[in-house]
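Architecture and fold: a report
For reference, the chains in residue letters:
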Amino acid sequence: MKLAARRVTSCVLSLLLAALFLAAGTARADTAATVAQAQQRAKAVTQVVLGIFSYARWPVEPSPLRLCLVGPTEYADDLIKGHAQESGQPLQVRRLLATDSQVAQACDAIYIGKLDQGQRDRLFERIGGHPVLSISEADDPCTVGSLFCLRVSDRQVAFEVNLDSVARSGVRIHPSVLQLSQRRAVQP
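Going along each chain's sequence as written, the residues are numbered from 1 onward. Note on the predicted model: pLDDT of at least 70 is required for a residue's local features to be given, and 80 or more for side-chain atom pairs to be given and counted; whole-chain, interface and lining totals, by contrast, use all residues. Hydrogen atoms and water are omitted, and side-chain values are computed over all heavy atoms in the structure.

1. A few points about helix 3 (residues 117-127)
For the α-helix, the turn length of 3.6 residues means that residues three or four positions removed from each other point alike. Buried within helix 3 are the following residues: Arg120, Leu123, Phe124 and Ile127. All buried residues of helix 3 project into a common sector of 95° when viewed along the axis, lining one side. In what follows, residue pairs with any heavy atoms lying within 4.5 Å of each other are defined as contacts. Secondary structure is summarised from DSSP: a helix means a run of H or I of at least four residues, a strand means a run of E of at least two, and numbering begins at the N terminus for each. Each element contacted by the buried residues of helix 3 is listed here: strand 2 (65-70), helix 2 (103-106), strand 4 (109-112) and strand 5 (133-136). Just downstream of helix 3 lies Gly129, where phi reads positive at about 85°. Each residue's exposure class comes from its accessible area (1.4 Å probe, protein chains only) as a fraction of the maximum for that residue type: buried when under 20%, exposed when over 50%, partly exposed otherwise. Working definition: the arc comes from the directions between the helix axis and the C-beta atoms, pointing outward to the latter.

2. Examining the nonpolar core
Side-chain atoms within 4.5 Å are what join buried Ala, Val, Leu, Ile, Met, Phe, Trp, Tyr and Cys residues into a set we call a nonpolar core. Counting 31 residues, the largest nonpolar core has Phe53, Leu67, Tyr111, Leu133, Ile135 and Phe148 as the members making the most contacts within it. Among the elements that line this core, the one with the most residues is helix 1 (residues 2-54), at seven residues. With near-sequence residues (within four places) excluded, Leu133 lies in contact with Ile52, Phe53, Ala56, Trp58, Asp108, Ala109, Ile110, Leu147, Phe148, Val171 and Ile173. In this structure, Cys107, Phe124, Ile127 and Val132 belong to the second largest nonpolar core, which totals 15 residues.

3. Some thoughts on the packing of aromatic side chains
Geometry of aromatic contacts follows a simple scheme: Phe, Tyr and Trp rings, the Trp one being its six-membered ring, pair when their centres are within 6.5 Å, and the pair is stacked under 30 degrees between planes, edge-to-face over 60, tilted otherwise. Across all of its chains, the model carries one aromatic pair by this definition. Each ring, one from Phe148 and one from Phe159, has its centre 5.7 Å from the other, and the planes form 70°; the classification is edge-to-face. In this pair, Phe148 sits in strand 6 (residues 148-152) while Phe159 sits in strand 7 (residues 157-161), placing the two residues 11 residues apart along the sequence. Phe159 carries the same exposure label as Phe148, and that label is buried.

4. Overview of the pairing of strand 5
The alternating pattern of strand 5 places Leu133 and Ile135 and Ser134 and Ser136 on opposite faces, both of which are buried. Pairing between strands is defined by DSSP: at least two bridges between them are needed. For strand 4 and strand 5, the ladder comprises four bridges, and the chain directions are parallel. Bridge pairing in strand 5 places Ile112 opposite Ser136. Seen with its strands pointing away from the viewer, a crossover is right-handed when the path leading from the first strand over the helix to the second is clockwise. Read as a crossover between parallel neighbours, the route from strand 4 over helix 3 to strand 5 is right-handed. Examined bridge by bridge, strand 5 and strand 6 share two bridges and lie parallel to one another. Counted as the bridge partner of Ile135 is Phe148 from strand 6.

5. Regarding the environment of Pro131
Considering the arrangement of structural elements, one finds Pro131 in the loop between helix 3 and strand 5. What makes Pro131 partly exposed here is its relative accessible area of 30%. Remark: the alpha-carbon pair of Pro131 and Trp58, spanning 73 residues in sequence, is separated by 6.5 Å. Residues in contact with Pro131, not counting those within four places in the same chain, are Trp58, Pro59, Asp108, Ser169, Gly170 and Val171.

6. Observations regarding the pattern of salt bridges
Salt bridges are defined by distance alone: a side-chain nitrogen of Lys or Arg within 4 Å of a carboxyl oxygen of Asp or Glu. In total, this model carries five salt bridges according to the counting rule given. Between Glu160 and Arg151 there is a salt bridge; the shortest N-O distance is 2.8 Å.

7. Regarding the sheet that holds strand 4
Across the sheet, which stays open at both edges, the six strands sit in the order 3-2-4-5-6-7 with mixed pairing between neighbours. This sheet does not close on itself; its edge strands, each paired only once, are strand 3 (91-96) and strand 7. Averaged over neighbouring strand pairs, the angle between their axes works out to 25° when direction is ignored. As judged from the five bridges shared by strand 6 and strand 7, these two strands associate in the antiparallel manner. In the sheet register, Leu150 faces strand 7, and the bridge partner there is Phe159. Inter-axis angles, ranging from 0 to 180 degrees, are taken between N-to-C directions of lines fitted to C-alpha atoms, where helices are fitted over the stretch in contact. Its contacts with the sheet place helix 3 against strand 2, strand 4 and strand 5, and it is angled at close to 175° to strand 4.

8. Brief notes about unusual backbone geometry
A cis amide bond links Ser63 with the next residue in sequence, Pro64, at an omega value of 5°. By secondary structure assignment, the location of Pro64 is in the loop between strand 1 (56-57) and strand 2.

Bear in mind that shape data such as this cannot, by itself, settle questions of function.
Structure (structure tokens):
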């Protein structure tokens, strides 16, 4: 009887271990798929952001274009690699704190991650009156502040344009960008 009980216990333990290894393998596969999707979204966001830059004109064309990432971002990993713009002009990317008082002087464009409303308000106060193109990544209603607001999903990256903010920014945006914002977005 003891031998039979040991065999049953051994079989149960073997089954439990097999189930654990199977679950761990499935979790790793799910994690790998999630990481791959995140990388695809980051590349699609980079493509959209660089596309927006190609439709923008500053009063004095910056070279290199200084892009500042402000706040925690979810899709900016690919931007950090410092791509060249479609025009071939270099893109200089760095992170700044939302509280940095030099943001308007240090940045030609700002990619805004998650900030609370007070931080956002102070950031837009600092860049007000300066030719700074702003793009919000987070779920921004796109009614105050940012020129462009990204809409990132598993299937596409789209954006909205805040015409009031564009008019006040000092950065000219080609009218074709409005058509782009209404067309089908970039597929990750």
